[in-house]
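Structural description and commentary
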Protein chains: 2
Amino acid sequence: MLSPMTDAALQDPQLRPFLPILYLAWADGDLTREEVGALQQRIVESPWLDAKARTQLAAWLDVDAPPSPQQLQSWLAATRTSAATLAESERHSIAAMAGALSTQDAAAFASVVEALGLEGLSVAALFSAAGASDGAESGPPAPAFDARFDPDAMRAALEPEWMEARTIARTFLADPAHRLDRTRPYGERRERVLELLQILTDRGIGAMAYPGITSEDENMGPFMAAFETLGYGDLDLLVKMGVHFGLFGGSVFFLGTKKHHDAYVRDIASLKLPGCFAMTELGHGSNVMGLETTATYDPETDEIVVHTPSESARKEWIGNAALHAKMATVFAQLVVNGETHGVHAILVRIRDDEGNPTEGVRLGDCGYKLGLNGVDNGRIWFDHVRVPRDNLLDRYGSITDEGAYASPIPSQSRRFFTMLGTLVAGRVCVASGSVSASKVGLAIALRYGASRRQFGEPGKPEMRLWQYPAHRRRLVPMLAQGLAAHFAVAKARRMFLDQEPGGDSREVEMFAAAAKVFGTDHATMSLQACREACGGQGYLAANRIGPLKSDSDVFTTFEGDNTVLLQLVAKARLSDFKRQFRDSQVLGVLRFITDKAGRHWNQSNPIARRLRSEEHLRSREFVRGALELRESSLVESVARRIQSRTKSGMNVADAFLGVQNHVLAMARATMERLVFDAFADGVSAAEDTQVRAALDQALDLFGLWRIEADVGWFLENDIFESAKATAIRDEVDELIDEVGSNALGFCEAFGIPDECLAAPIAFLDPGERLK
Amino acid sequence: MLSPMTDAALQDPQLRPFLPILYLAWADGDLTREEVGALQQRIVESPWLDAKARTQLAAWLDVDAPPSPQQLQSWLAATRTSAATLAESERHSIAAMAGALSTQDAAAFASVVEALGLEGLSVAALFSAAGASDGAESGPPAPAFDARFDPDAMRAALEPEWMEARTIARTFLADPAHRLDRTRPYGERRERVLELLQILTDRGIGAMAYPGITSEDENMGPFMAAFETLGYGDLDLLVKMGVHFGLFGGSVFFLGTKKHHDAYVRDIASLKLPGCFAMTELGHGSNVMGLETTATYDPETDEIVVHTPSESARKEWIGNAALHAKMATVFAQLVVNGETHGVHAILVRIRDDEGNPTEGVRLGDCGYKLGLNGVDNGRIWFDHVRVPRDNLLDRYGSITDEGAYASPIPSQSRRFFTMLGTLVAGRVCVASGSVSASKVGLAIALRYGASRRQFGEPGKPEMRLWQYPAHRRRLVPMLAQGLAAHFAVAKARRMFLDQEPGGDSREVEMFAAAAKVFGTDHATMSLQACREACGGQGYLAANRIGPLKSDSDVFTTFEGDNTVLLQLVAKARLSDFKRQFRDSQVLGVLRFITDKAGRHWNQSNPIARRLRSEEHLRSREFVRGALELRESSLVESVARRIQSRTKSGMNVADAFLGVQNHVLAMARATMERLVFDAFADGVSAAEDTQVRAALDQALDLFGLWRIEADVGWFLENDIFESAKATAIRDEVDELIDEVGSNALGFCEAFGIPDECLAAPIAFLDPGERLK
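One structure accompanies this document, and this report is about it. Along each chain, residues carry numbers from 1 onward, in the same order as the chain's sequence is written. To read the labels, note that chains go from A and ligands from 1, taken in the order they are written. This being a predicted model, a pLDDT of at least 70 is required before a residue's local features are given, and a value of 80 or more before pairs of side-chain atoms are given or counted; all residues contribute to the totals for chains, interfaces and linings. Hydrogens are left out, water is left out, and the side-chain values use all remaining heavy atoms of the structure.

**Here we look at the overall build of chain A**
For the record, the criterion: Runs of E in the DSSP output that reach at least two residues are strands. Runs of H or I that reach at least four are helices, and both are numbered from the N terminus. In this analysis, two residues are considered to be in contact whenever any of their non-hydrogen atoms come within 4.5 Å of each other. In this description, accessible areas are obtained by the Shrake-Rupley approach with a 1.4 Å probe, and a residue is regarded as covered only by the protein chains that are shown.
Helix and strand content of chain A: 30 helices and eleven strands. By sequence separation, contacts in chain A at least 24 residues apart represent 75% of the contacts at least 6 residues apart. For chain A, the computed accessible surface area is about 28,400 Å², with 53% contributed by carbon and sulfur atoms.

As structure tokens, this is what we get:
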């Protein structure tokens, strides 16, 4: 097919070295006249070219007669043939290759290559369709998956207790019949979730929720562990379970007294009496204290009258209310003898045994949502609904037989917060479910990235996504953050379970709020990252990541909106700060001065500002110290800002609001330090050396990555020098690769049943996956 | 109800000033023994208290006998009565109030208040249930909504052309019957989307896509403007429209020649011939060059044989393929006479007129997705499917009557990228749809925040969400970013439309890639922020934000994955950089030295490092200069890193990959500078002075907010001093309030039909909304 003239030219040893250059020059795009000019100049300067070669080169370089596709192919073929004889070292750059193909000095070609701007082009492109793979991988090496720990030992560190309850949950999840079919019509899906909840209940999950009544367990630990594990499955079921057993059942258990326990708890535990938790109102989401629904005691009939006085007082978003709940715990302003005693909880039947609304109760359906469409969120209106006085859940506030209000807690606001304290278990559970959901997303994305290939050197298998640094940057810090969230949730649960009845619950509430914000924000962030890292596959419902994202998205809002909870953390932290001064004036001032001195030393110590050895950057002293320093500086600065505002006459609420963005930054810094400490405690508790080492590395990554994310603050406050910021970034990259090599090991240790990873992409080419 | 003794005590002028303090102390929580001790100490130190008062105070402070709820109420009531006589200035703090109620010096109570840690408590809490609102708002003032421009004039600046096409789209959207019902079963929804597309088509939208054939328009501008406007509606319809008219029809229009235009374009424009764009394969998403499907020319029958050689070669994710497409543009490796000529496009009938798969074609359904479930994404397998030679879309590569391959573009890779260039229009459209979707989300969230109330001072209406600085921080920068994205998309569209046929398209491709990444990332980010800012209401499908988020989520992935496109931007930017050196050695070096000198001056000039006046921070010179400096520094540093790797023998691809995270940071910096420039051009083009001023402010906010987000980089590179970083943050806060006051005006200027804001929360208490 080639003309004899051209064919001969291809074998001319003078022209041969130019062929790869010409091929790349033309194939790279149209040659510009300037480029041709440059090339012709070099040709003139090459005294070793004979006249025939010069003529041929000029023809090949005619911008008005570009080579045909066949001609390009022929140059390529000739190049391949001649280059086959070259050593690897002679093929590393186009100039070197041309030099090696010539009898002349390689340097002669370097300037030609440079003039054409071809230095950058891959020589490998010349061997594109050259034939079969040589078995070698494309691209640079990535950290191999080589977990340096026994996954079972890791599991023991992550799940040190309540294995029986977890096993019940895992066995349930391992049955593919227990997965929801998202393509089923809306109504069917909601019924199916109730059926699944009944199956779980029949296996004893419900009974675990009420230790001392329906279980012999010491506390709610087993229930909470089962809940956490069920977060690997469909979140509709998890939320339905949380609403019925946790919120509704929990309100009867915690806010009720023996008469309520005797009358209802067994039926709640068996799901015979499905219920809902009617707290939120249309006009009152976060501000529960401002609820409008009234519960007025009528001494004439010894009844309580529950009433919705306005449209903004309708109960809204109530899970289980649209279809299934028969009873509601209604939060309302209790009015006794004309006096309002604040928000109390009253049990109200909202559906009869046939499922019809009871008298005076109107029910509505919130309708389609972004996710969790298997949960029937509804609305409730009460029109002077009468219930017996006994329906008041009266642990913290009761109506005496004489018709008077009585409470062991005199302060209305204190009583209110004590009742709200029952939400703590719910917050811990939501956080644990979030973390489990994100573990599933990460496991699927990490497995996909380990086998999915995209792009690479011609003639070799394409590169795995895992080989891309950007892919690892996206996912590995999320894994470390997920582990941090795991231990933060575990600590919050432990604090909740260890709480003394009637003791000061503020610390538990603060920590639970921090864990809830951290865990749910983590789920939103990490599942979004997983979705994007898996491309279109992450968008298919069958691969689970998409549904997990949209189902868990509301977790940052319900059970306490994250922005509101962060302010709770901030207020608690500011109170601590204030108390530090107050407790003992002298001692406080002394301590303050000592702290200041310590800080000052730390800030101005050039070693700490400049030090950037790996040993230093990974030391607990540095990482924890930096997180603590940021926290205490922000607390002090927020306190100072609020004080200067109140001093000039502003009320505290306005002063607090005026610096809201600072307050939130301070709360986040506090939260990250609390989470870091919880993670560090978890690391210390691990018994196995290798497990401890792997967790320790993940802890380093988590801490340094958070510092890196806020490096502007450390630089702005002159705590780091620039070089230290750079060193931290490099160290984070190294840690990503180190922790990354354990990534699949961690996923295995999570013990997610294969059925929950039932995403096709999690099982792509299993034989092919990187080991 | 009170005992006479207590009743008398309440009226004791000596005790009266202690009542508010006691109330707050007990209501705040249980008093600790330490606190009681401190208080008793003060009492002993108050010589003016008589014995009776001391005894009463001791009783009230008995930690073992806390006050009853009734007692607390009585203290509160007594406080209210006596405080009613006080002037406002005497009520600002609890200590001042106690002082004013006493005959003694106010200072006497300050230490009591301090000892109890009550300084912070709001005096307003004492007047909590004190009665009706006094009409004043709770909380600090927020920027009022007071658009300082005429919304119509703003609209003219945002939409300077193609109003006719936009009006057709708006009229369509204004009909509530054209909204999708998301609760309908899956299958029904997909049919409904096709019906809606037919309605749109009958109104002439399809014809606009093919200027010169089915429209008299000069170019695709009107079609693209209609597409942008339709982004206010349901995205399923938008995507279905993009797939059929844009991708499928566009491939015939751009890659085909007259014979194809004559045979198909009219039927495509009328939707008589629904089609799909079969490019992506299961194993080849981003790496289109590596597609496996083959199209082999058979000279015996003069046909092309289209074949799927392996499972990874099946066509995947193909919109319209699962149900409705009758024809597919199939991208496959064209083989002529045993030689492969790279990827080409071939038309293949995949369904007959009755909708059954044609011979050799197997079709599948991708199934349920995170969103866009009204679009039927499918899979296609070809088993040696034969089509006439004429079905090759042969603008850039043809098979001659003699059976030889011919192309006006000799280089295979150049040809490939020319064909891919037809994707540019699609990228611009996806970006425009993203920006429109996010405008809807922002309009709904901003309107909700303007009326929704949550928390506030007792006795006053609750505060509006808009009054919370954190709420404004969440949404207003997103509005500014949305405007930036709007103008970036407009510029990309203009560049695409102004492109010379056959001219150098690299700049257009780079800019379109940047606009696509920026616009789609913006949609993901801003819709997530809107969802969270609207709490539970943002989660209800009826309020649109949730569905807009899940439907648009895949926009960052399709039509070019954002991470891949960012690398395209990076490569183009690096080529520019290289060309700068190459064009003219001397000139280049000179320019480089000048730049360096300029930079050096800038970096070390203490005025620029320290300057922090509002005038300076809002100057175009500073903002644009900072963005440009960051970009050029990163380009230089990436180039240096790549070069040092290639010098030590690494091939360019590996070198590029090794610094991938740096490359992406550089690409983002380039993108943000490009977007900033496009926004600035848009500002300059606005004719109305007030419009220009408002846009200018939004531009300042966008630029400074991006600098703030990356302030660590500027500090690390010693470009800013710390004080400047702080000043930038303060300036961003001020700009948020200034731009915020225009927020509802911008939303009005977007011209979103009310039916598209059909979210109940967008119309909450309209009379109540802040003006």
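Further notes follow.
**Some remarks on the relation of the copies chain A and chain B**
Condition: Residues below a pLDDT of 70 in either copy are left out; the C-alpha atoms of the rest, at least 70 in both, set the least-squares superposition of the copies.
Between chain A and chain B, which share one sequence, the superposing operator has a rotation angle of 180° and an axial displacement of 0.0 Å; the RMSD is 0.1 Å. On the angle and the small slide along the axis, the relation comes out as a two-fold axis. Within chain A, the C-alpha atom positioned nearest to the axis of rotation is that of G712 of chain A, 1.8 Å from it. When the interface residues of chain A are mapped onto chain B, 100% of them are again interface residues, pointing to one common binding face.

**Some details on the nonpolar core**
One broad trend across soluble globular proteins is that nonpolar side chains are buried collectively. Applicable threshold: Only buried residues count toward a nonpolar core. Its members are Ala, Val, Leu, Ile, Met, Phe, Trp, Tyr and Cys residues joined through side-chain atoms within 4.5 Å. Type-normalised accessible area, obtained with a 1.4 Å probe on protein chains alone, sets the label of each residue: buried when under 20%, exposed when over 50%, and partly exposed for intermediate values.
Of all hydrophobic cores here, the largest spans 388 residues; its most connected members are L695 of chain A together with L695 of chain B. Contact partners of L695 of chain A, with chain neighbours within four places excluded, come to M154, A157, L483, F487, F679, V683, A686 and F746 of chain A. Core analysis: the second largest hydrophobic core is formed by 32 residues, V36, I43, A98 and F109 of chain A among them.

**Re the packing of aromatic side chains**
Let me state the cut-off plainly: Centres within 6.5 Å make a pair out of two Phe, Tyr or Trp rings, where for Trp the six-membered ring is used; the pair is then stacked when the planes are under 30 degrees apart, edge-to-face when over 60, and tilted otherwise. Two conditions define a charge located above a ring, namely a distance within 6 Å from the ring centre to NZ of Lys or CZ of Arg, and an angle within 35 degrees of the ring normal.
One pass over the full model with this rule turns up 36 aromatic pairs over all chains. Aromatic side chains F622 of chain A and F720 of chain A sit 5.8 Å apart centroid to centroid with 40° between the ring planes, which places their arrangement in the tilted category. In this pair, F622 of chain A is assigned in helix 24 (residues 620–647) and F720 of chain A in the loop between helix 28 (711–716) and helix 29 (722–741), connecting sequence segments 98 residues apart. Centroid distance F555 of chain B to F558 of chain B: 5.2 Å. Interplanar angle 25°. Geometry classified as stacked. Exposure remark for F558 of chain B: the relative accessible area of 25% places this residue in the partly exposed category. Directly above the aromatic system of W705 of chain A lies the positively charged group of R706 of chain A, at a separation of 4.6 Å from the ring centroid. Between the NZ or CZ atom of R190 of chain B and the centre of the ring of Y186 of chain B, over which it lies, the distance is 4.6 Å.

**A look at the side chain of Q333 of chain A**
Residue and element names in this part refer to chain A. The topology assignment puts Q333 in strand 5 (residues 327–336). Here Q333 falls in the buried class, since its relative accessible area comes to 13%. Leave out the neighbours within four places in its chain, and Q333 touches M289, G290, L291, T293, T294, A295, T340, G342 and V343.

**Considering the pairing of strand 3 (residues 303–307) of chain A**
All names here are of chain A. Here is the rule we go by: When DSSP locates at least two bridges between a pair of strands, those strands are taken to pair.
Burial analysis of strand 3 places four of its five residues in the buried class, the great majority of the element. Here strand 2 (residues 294–298) folds back onto strand 3 in antiparallel fashion, the turn holding four residues, of which D302 has a positive phi close to 60°. Bridging between strand 3 and strand 9 (residues 385–388) involves four bridges; their strand directions are antiparallel. Following the sheet pairing, V306 is matched in strand 9 by V385.

**As for the environment of Q11 of chain B**
Within the secondary structure layout, Q11 of chain B lies in the loop between helix 1 (4–10) and helix 2 (18–27). Sequence separation between Q11 of chain B and V424 of chain B is 413 residues; the distance between their C-alpha atoms is 82 Å.

**A few points about helix 5 (residues 69–83) of chain A**
Here is the rule we go by: The span one expects for a helix is its residue count, reduced by one, times 1.5 Å.
For helix 5 of chain A, spanning 15 residues, the distance from its first C-alpha to its last is 21 Å, which sits close to the expected 21 Å at 1.5 Å a residue. Considered for burial, the residues of helix 5 of chain A that qualify are P69, L72, S74, W75, L76, A78, T79, S82 and A83 of chain A.

**Some remarks on the interface of chain A and chain B**
Note the cut-off: A 1.4 Å probe defines the accessible area here, and the buried area is the portion of it lost by two parts on being joined, summed over both. Each salt bridge in this description consists of a side-chain nitrogen of Lys or Arg and a carboxyl oxygen of Asp or Glu lying within 4 Å of one another. Here a polar contact is taken to be a pair of N or O atoms separated by no more than 3.5 Å, where protein atoms must pair a possible hydrogen donor with a possible acceptor and residues adjacent in sequence count only if both atoms sit in side chains. In the scheme used here, Gly and all other residues not listed as nonpolar or charged are polar, with Ala, Val, Leu, Ile, Met, Phe, Trp, Tyr, Cys and Pro taken as nonpolar and Asp, Glu, Lys and Arg as charged.
With 111 residues of chain A at the contact, the number on the chain B side is 111 residues. Buried area between chain A and chain B, both sides added, is near 8,500 Å², and the carbon and sulfur share of it is 52%. On the chain A side of the interface with chain B, the three residues burying the most area are Y368, Y539 and E716 of chain A, jointly 10% of the side's total. Across the contact surface, chain A and chain B share four salt bridges. Two residues, E716 of chain B and R729 of chain A, come together in a salt bridge whose shortest N-O distance is 3.0 Å. The interface formed by chain A and chain B includes 28 residue pairs in polar contact (both at pLDDT 80 or more). In terms of residue class, the side of chain A that touches chain B is built from 39 nonpolar, 41 polar and 31 charged.

**Looking at the sheet that holds strand 4 (residues 315–319) of chain B**
All names here are of chain B. The criterion, for reference: To obtain an axis, a line is fitted to C-alpha atoms, over the contacting stretch when the element is a helix, and the angle between two such axes runs from 0 to 180 degrees between their N-to-C directions.
Overall, antiparallel pairing links the three strands, which are arranged 4-8-7 in an open sheet. Looking at which strands have only one partner, the edges of the open sheet turn out to be strand 4 and strand 7 (361–365). For this sheet, the mean angle separating the axes of adjacent strands, direction not counted, is 35°. Pairing geometry for strand 7 and strand 8 (residues 377–382), over five bridges, is antiparallel.

**Here's the deal with the pairing of strand 4 (residues 315–319) of chain A**
Residue and element names in this part refer to chain A. Where burial is concerned, most of strand 4 is hidden: five out of the five residues are buried. In the sheet, strand 4 pairs with strand 8 (residues 377–382) via three bridges, with the strands oriented antiparallel. Of the residues in strand 8, the one forming a bridge with G319 is N377.

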